[in-house]
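Read off the chains here:
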Amino acid sequence: MNMNKDIILTGDRTTGQLHLGHYVGSLRSRVQLQNEYKTYILLADIQALTTHYDQPELIADSVHQVTLDYLAVGIDPNKATLFIQSMIPEIAELTVIFSMFITVNNLRHNPTIKNEARDRGYTDLYYGFLGYPVSQAADIAFCKATLVPAGEDQIPHIETARKLVRRFNELYAPVLPEPRILTGERLGGLDGIGKMSKSMGNAISLNARPDDVHAKLTKAKTDPARIHRSDPGNPNICPVFAYHQLFRNENAEEIHANCSQGTIGCRDCKQLAGNAINELLAPFRARRQDYEQREDEVKEILIEGTRQARKVARETMLEVREAMGIRYFNL
Ligand code: SF4
């Protein structure tokens, strides 16, 4: 591992199990990146509170479930540092400092915040919800991350992080690096409307059983113009075809031709897509089951990762305080 290269910070809000959209958007690239870069993976339980503050038990359970998801897809705790956000108080400290350099209007105009508030039907915004990008900037800055693998919807947040870091460096001293985003692919949901998302109910969980995968696909939207099996279809507007492309690309051309010519039925096409997804998920299920038998080891992975992240956070905050002239004494 070349320690002079980028430092990666990535992670997920712990609001439930991860799904195929997470895998395509970010998890699979993390599995590659961990071999090459120092990688921090954040279990964002504080950011889960921004929308689930009234369900703390769900958040705590999700920390465990998401950790299992990470290990299942191949995140290696000997290569990547897995840690729990709320156990690093320095992140909260840095969030407060960053919050001095950004206006409420700037946050209100963040398109991702606006879209999520609209989707959730929020008529007024909680302070924590509005401040999500500030908290994310602190996640990135505490470990001096330079590269953030994330979905496209995170671009405005990373832009905010870049601005906050730049402002800090201009005001005090050049202590914090400016991060870049590494965007992953976007996976459409089963409803054919938006991206795959747990809250939209259009997702296939990474932990789904083989039958569940097929059952979910049975209900997936297809080209609505196809009424009869022999009707020519347009695979380019069908979410199932996107799954073929992503999960069994070698057959995608044939599926495209068969759909366009009306020589394959949607039911058969979905069966093939389900088989491809199940092939992908099979080793994840096996690894997950294995880790489920070793609860103590999973806990130890989180303790050790959080300990390492905390050490780095303390060092960064000393530099931050030094730069700001508020490092009064050591306690
Ligand atoms: S045949 Fe396949 S790609 Fe074509 S519309 Fe049906 S499910 Fe979609």
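Residues numbered from 1 in each chain as written. Predicted model: local features only at pLDDT ≥ 70, side-chain atom pairs only at ≥ 80, totals over all residues. Heavy atoms only, no water.

**Let's talk about the layout of surface pockets**
Put simply, the largest pocket is a space of about 1500 Å³. What lines the largest pocket is a set of 47 residues, and nearest its centre among them are His22, Glu116, Asp153, Gln154 and Lys195. Of all the secondary structure elements, the ones that give two or more residues to the lining of the largest pocket are β1 (7-13), α1 (20-33), β2 (38-44), α2 (45-52), α6 (111-119), α8 (132-142) and β4 (147-150). For the lining of the largest pocket, the per-class residue count stands at 13 nonpolar, 20 polar and 14 charged. Computed from the structure, the second largest pocket encloses a volume of approximately 520 Å³. (1 Å grid on protein atoms, 1.4 Å probe; cavity = no way out; pocket = protein on both sides within 12 Å on 5 of 7 lines; lining within 4 Å. Points joined across faces, edges and corners; volume = space filled by probe spheres on them. Helix = DSSP H or I, 4+ residues; strand = E, 2+ residues; numbered from the N terminus. Nonpolar A, V, L, I, M, F, W, Y, C, P; charged D, E, K, R; others polar.)

**Describing α6**
By the burial criterion, the buried members of α6 are Thr112, Ile113 and Ala117. Mapping the buried residues of α6 onto a view down its axis gives an arc of 130 degrees, with all of them on the same face. Those residues of α6 that are exposed and angled more than 90 degrees off the buried face are Arg118 and Asp119. Here the buried face of α6 lies against α5 (104-108), α7 (127-130), α8 and α9 (155-171). For α6, the capping residue at the N-terminal end is Asn110, with a side-chain oxygen 2.9 Å from the backbone nitrogen of Thr112. At the exit of α6 stands Gly121, carrying a positive phi of roughly 70 degrees. (Buried < 20%, exposed > 50% of the residue type's maximum accessible area, 1.4 Å probe, protein only. Arc of directions from axis to C-beta. Contact = heavy atoms within 4.5 Å. Polar contact = N/O pair within 3.5 Å; in protein donor to acceptor, adjacent residues only side chain to side chain.)

**Some points on the pattern of salt bridges**
One pass over the structure, following the stated rule, counts 25 salt bridges. The salt bridge partner of Arg209 is Asp212, with a shortest N-O separation of 3.3 Å. Its relative accessible area of 28% is what places Asp212 among the partly exposed residues. For Arg294, the salt bridge is made with Glu297, and the minimal N-O distance between the two is 2.7 Å. (Salt bridge = Lys/Arg side-chain N within 4 Å of Asp/Glu carboxyl O.)

**Here we look at empty space enclosed by the protein**
On inspection of all chains with the given rule, the structure shows two cavities of 30 Å³ or more. Lining the largest cavity we find 13 residues, and of these Arg226, Cys238, Cys259, Cys266 and Cys269 sit closest to its centre. For the lining of the largest cavity, the elements supplying multiple residues, two or more each, are α11 (239-247), α12 (252-261) and α13 (266-292). The greatest single-element share of the lining of the largest cavity, amounting to three residues, is contributed by α13. Partitioning the lining of the largest cavity into residue classes produces eight nonpolar, two polar and three charged. Roughly 40 Å³ of volume is contained in the second largest cavity. Lining the second largest cavity, in full, are Asp69, Ala72, Val73, Leu206, Asn207, Phe284, Arg285 and Arg288. Secondary-structure elements contributing two or more residues to the lining of the second largest cavity are α3 (56-73) and α13. For the lining of the second largest cavity, the residue count by class is four nonpolar, one polar and three charged.

**Here's the deal with the domain arrangement of the protein**
For the protein, the domain assignment lists domain 1 (7-187 + 295-324) and domain 2 (210-288). Relative placement of domain 1 and domain 2: their C-alpha centres are 34 Å apart. With 14 residues of domain 1 in contact, the opposing surface of domain 2 contributes 10 residues. With both sides pooled, the region where domain 1 packs onto domain 2 buries about 950 Å², and carbon together with sulfur makes up 68% of that total. Per-residue buried area on domain 1 facing domain 2 is highest for Leu20, Ala72 and Leu187; these three make up 47% of the total on that side. Remark: the boundary between domain 1 and domain 2 carries one salt bridge. Measuring nitrogen to oxygen at the nearest pair gives 2.5 Å for the salt bridge that ties Arg288 to Asp69. The interface formed by domain 1 and domain 2 holds four residue pairs in polar contact (both at pLDDT 80 or more) in total. (Domains from an automatic or database assignment. Buried area = accessible area lost by both parts, 1.4 Å probe.)

**Topic: the site of the ligand**
In the vicinity of the ligand, the contacting residues are Thr222, Asp223, Arg226, Cys238, Val240, Phe241, Cys259, Ile264, Cys266 and Cys269. Elements with a contribution of two residues or more to the shell around the ligand: α11 and α13. Class assignment for the residues of the shell around the ligand results in seven nonpolar, one polar and two charged. (Near = heavy atom within 4 Å.)

**Details of the packing of α8 against α9**
Where α8 contacts α9, the two axes come as close as 8 Å, and the packing angle between them is 65 degrees. The angle between the axes of α8 and α9 places the two elements in the roughly perpendicular class. Relative to α9, the crossing made by α8 is right-handed. Residues Tyr132, Pro133, Val134, Gln136, Ala137, Ile140 and Ala141 of α8 touch α9, and the partners they reach there are His157, Ile158, Thr160, Ala161, Leu164 and Val165. When the residues that make up the contact of α8 with α9 are grouped by side-chain class, the tally is 10 nonpolar, three polar and no charged. (Axes fitted to C-alpha atoms, helices over the stretch in contact; angles between N-to-C directions. Parallel < 35°, antiparallel > 145°, perpendicular 65-115°, else oblique. Left-handed = near helix turned anticlockwise from the far one by under 90°.)

**Details of the side chain of Arg248**
Its place among the elements puts Arg248 in the loop between α11 and α12. There is a polar contact of 2.6 Å between the side chain of Arg248 and the side chain of Glu279. Those residues in contact with Arg248 that lie beyond four places of it in its chain are Tyr243, Leu272, Asn275, Ala276 and Glu279.

**Description of the packing of aromatic side chains**
The final tally for this structure, using the stated rule, is 11 aromatic pairs. Aromatic side chains Phe101 and Phe168 sit 6.5 Å apart centroid to centroid with 50 degrees between the ring planes, which places their arrangement in the tilted category. One end of the pair, Phe101, is in the loop between α4 (89-98) and α5; the other, Phe168, is in helix α9, and 67 residues separate them in sequence. By the ring-pair criterion, three or more aromatic residues cluster together here, those being Phe98, Phe101, Phe168 and Tyr172. Across from the ring centre of Tyr40, 4.9 Å away, lies the NZ or CZ of Lys38, which sits over that ring. Arg294 extends its terminal NZ or CZ atom over the ring of Tyr291, reaching a point 4.6 Å from the ring centre. (Phe/Tyr/Trp six-rings, centres within 6.5 Å; stacked < 30°, edge-to-face > 60°. Lys NZ or Arg CZ within 6 Å of the ring centre and 35° of its normal.)

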